[in-house]
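So you can see what is in the structure, the chains are spelled out below.
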Amino acid sequence: MKRVVITGAGTINPLGHSVPETLVAMQEGRCGIGPLDFRDVDRLAIKIGGQVHNFEAEGRFNRQQMALYDRFTQFTLVAAREAITQSGLTFSGELSAKAGVVLGTSGGGMQTLDDNYRSVYEDGKNRVHPFVVPKLMNNAAASHVSMEHNLKGPSFTVSTACASSNHAMAQAFQLVRSGMAPVMVTGGSESMLCFGGVKAWEGLRVMSKDACRPFSANRNGMVQGEGAGVFVFEDYDHAKARGAEILCEISGFAMSSDASDIVMPSKQGAARAIAGALQDAKINPDEVGYINAHGTGTAANDKTECAAVADVFGPHADNLMISSTKSMHGHLIGGTGAVELLACIMALRDGIIAPTIGYEEPDPECALDVVPNEAREAEVNVALSNAFAFGGLNAVLALRRI
């Protein structure tokens, strides 16, 4: 089995248009959640979100590309360019033939879907643009990344709601670890912040109208965000041979299914995924220093996740730092695990733990060290990234400092 490392990272999200901008925002505990700005927002009950502002797509893509790229694809391409540039890789020859792309998304081309439903049902038009289908399909981003960077190996999209990115990165990890591909570009993206996207989520009655406060006793729901995170996963020997800078090592992963309820999480399912990731990575529980929590800010998720962590780690749970960066950037749904992986890399490389902001009142059912409100300096050798999705689909990644 091959060792797998990360040699490139890229992002665009509510906290920043690049990795350096995002990490500074996380260190400062800055909130990227604010008033939403798009058509018909006045008709929504929920008017806040983690929106990417000041994004000039026209300056990054030509007219022909704009006709093909939904906003979620645009975000993915921007993040992929940053990640691949940092990696220093150029895909040609045998490397091009074997390297591929695995990305996660839940809504795919939601902006395109929303715009064209308006066109047909509200404006009464009888035609839509011929590129609507290739623009809205969930695999559009993966396909365009493969075309832009000449990636001819295994390329596909994973859609498992809020765990999409973690599931995608787990598949990329497995492809490199097995020796099937020396390099994989992976991560996830989402852009559901449009009238139809937010209106649908309002129906679940899990959304906050004012802020995301994970683990705080006065939390009142999740907040949606948008953006992308993309990484280059590479065979360790391949990376060392070319003198690449290594950000950290992916040591293991595990996936589980609650098989119990479509929206209510299960402590047992989450615990099996966490314990499985430790076992796969051959990591003892007391080696883990930081967990990036799923931490949505809903009572059901926060309490279930804390209970699962307590079950897996026992007494060591009191020594763990566990924070939710969703408090800063919102819940990017299918793209959220990819942006959150940046907080794990920051903990391992820089010794800085991203905080859970908005924390106001202790909750006895979330009595762990949630790194409230301010970032913290701490030496961390092992970190976990949790993702627990609707449908009871869980995916946990284990990372190690190198």
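About the thresholds
Residues numbered from 1 in each chain as written. Predicted model: local features only at pLDDT ≥ 70, side-chain atom pairs only at ≥ 80, totals over all residues. Heavy atoms only, no water. Helix = DSSP H or I, 4+ residues; strand = E, 2+ residues; numbered from the N terminus. Buried < 20%, exposed > 50% of the residue type's maximum accessible area, 1.4 Å probe, protein only. Contact = heavy atoms within 4.5 Å. Polar contact = N/O pair within 3.5 Å; in protein donor to acceptor, adjacent residues only side chain to side chain. Core = buried A, V, L, I, M, F, W, Y, C linked by side-chain atoms within 4.5 Å. Expected span 1.5 Å × (residues − 1). Axes fitted to C-alpha atoms, helices over the stretch in contact; angles between N-to-C directions. Parallel < 35°, antiparallel > 145°, perpendicular 65-115°, else oblique. Left-handed = near helix turned anticlockwise from the far one by under 90°.

## Observations regarding the environment of Ser324
For step 1, the next point in the chain: Summarising the element assignment, Ser324 is placed in the loop between strand S10 (321-323) and helix H13 (326-329).
For step 2, the next point in the chain: Residue classification places Ser324 among the buried positions, given a relative accessible area of 0%.
For step 3, the next point in the chain: Expressed as a C-alpha distance, the spacing of Ser324 and Glu340, which sit 16 residues apart in the sequence, is 8.4 Å.
For step 4, the next point in the chain: The residues touching Ser324, leaving out its near neighbours within four places in the chain, are Pro214, Phe215, Ala293, His294, Gly295, Pro355 and Thr356.

## As for the environment of Glu190
For step 1, the next point in the chain: Its place among the elements puts Glu190 in strand S6 (residues 183-190).
For step 2, the next point in the chain: Note on Glu190: relative accessible area 0%, which makes it buried.
For step 3, the next point in the chain: When neighbours within four sequence positions are excluded, Glu190 is seen to be in contact with Phe72, Phe75, Thr105, Ser106, Gly107, Gly108, Glu226, Gly227, Leu332, Ile333, Gly334 and Gly335.
For step 4, the next point in the chain: Side-chain polar atoms of Glu190 contact the backbone nitrogen of Ser106, separated by 2.8 Å.

## Details of the nonpolar core
For step 1, the next point in the chain: Core analysis: the largest hydrophobic core is formed by 47 residues, its most contacted members being Ile6, Met26, Phe231, Phe233, Tyr290, Ile353 and Leu399.
For step 2, the next point in the chain: At the level of secondary structure, the elements contributing two or more residues to this core comprise strand S1 (4-12), helix H1 (19-28), helix H8 (164-177), strand S7 (227-235), strand S8 (248-257), helix H14 (336-350), strand S11 (352-353) and strand S14 (393-400).
For step 3, the next point in the chain: Ranked by the residues each element gives to this core, the list is headed by H14, at nine residues.
For step 4, the next point in the chain: What Phe233 contacts, discounting residues up to four positions off in sequence, is Val4, Val5, Ile6, Met169, Ala172, Phe173, Val176, Pro182, Val183, Met184, Thr186 and Ile250.

## Section: helix H12 (residues 299-313)
For step 1, the next point in the chain: Taking 1.5 Å as the rise per residue, H12 with 15 residues should run 21 Å; its terminal C-alpha atoms sit 21 Å apart, in good agreement.
For step 2, the next point in the chain: Of the surrounding elements, those touching the buried residues of H12 are helix H11 (267-281), strand S9 (290-292), S10 and strand S13 (382-389).

## As for the packing of H11 against H12
For step 1, the next point in the chain: Running from amino to carboxyl end, H11 crosses H12 at an angle of 45°, the nearest separation of the two axes being 8 Å. The angle between H11 and H12 places the two elements in the oblique class. In the crossing of H11 with H12, the sense of the turn from one axis to the other is right-handed. Note on element contacts: H12 touches H11 through Thr304, Ala307, Ala308, Val309, Asp311, Val312 and Phe313, opposite Lys267, Ala270, Ala271, Ile274, Ala275 and Leu278.

## Re unusual backbone geometry
For step 1, the next point in the chain: Located in the positive-phi region is Asn54, a residue other than glycine, with phi close to 60°.
For step 2, the next point in the chain: As for its placement among the helices and strands, Asn54 is situated in the loop between strand S3 (48-49) and helix H2 (63-66).
For step 3, the next point in the chain: Phi at Ala259 is positive, roughly 55°, even though this residue is not glycine.
For step 4, the next point in the chain: Inspection of the secondary structure assignment puts Ala259 in the loop between S8 and H11.
For step 5, the next point in the chain: According to the relative accessible area criterion, Ala259 is exposed, its value standing at 72%.

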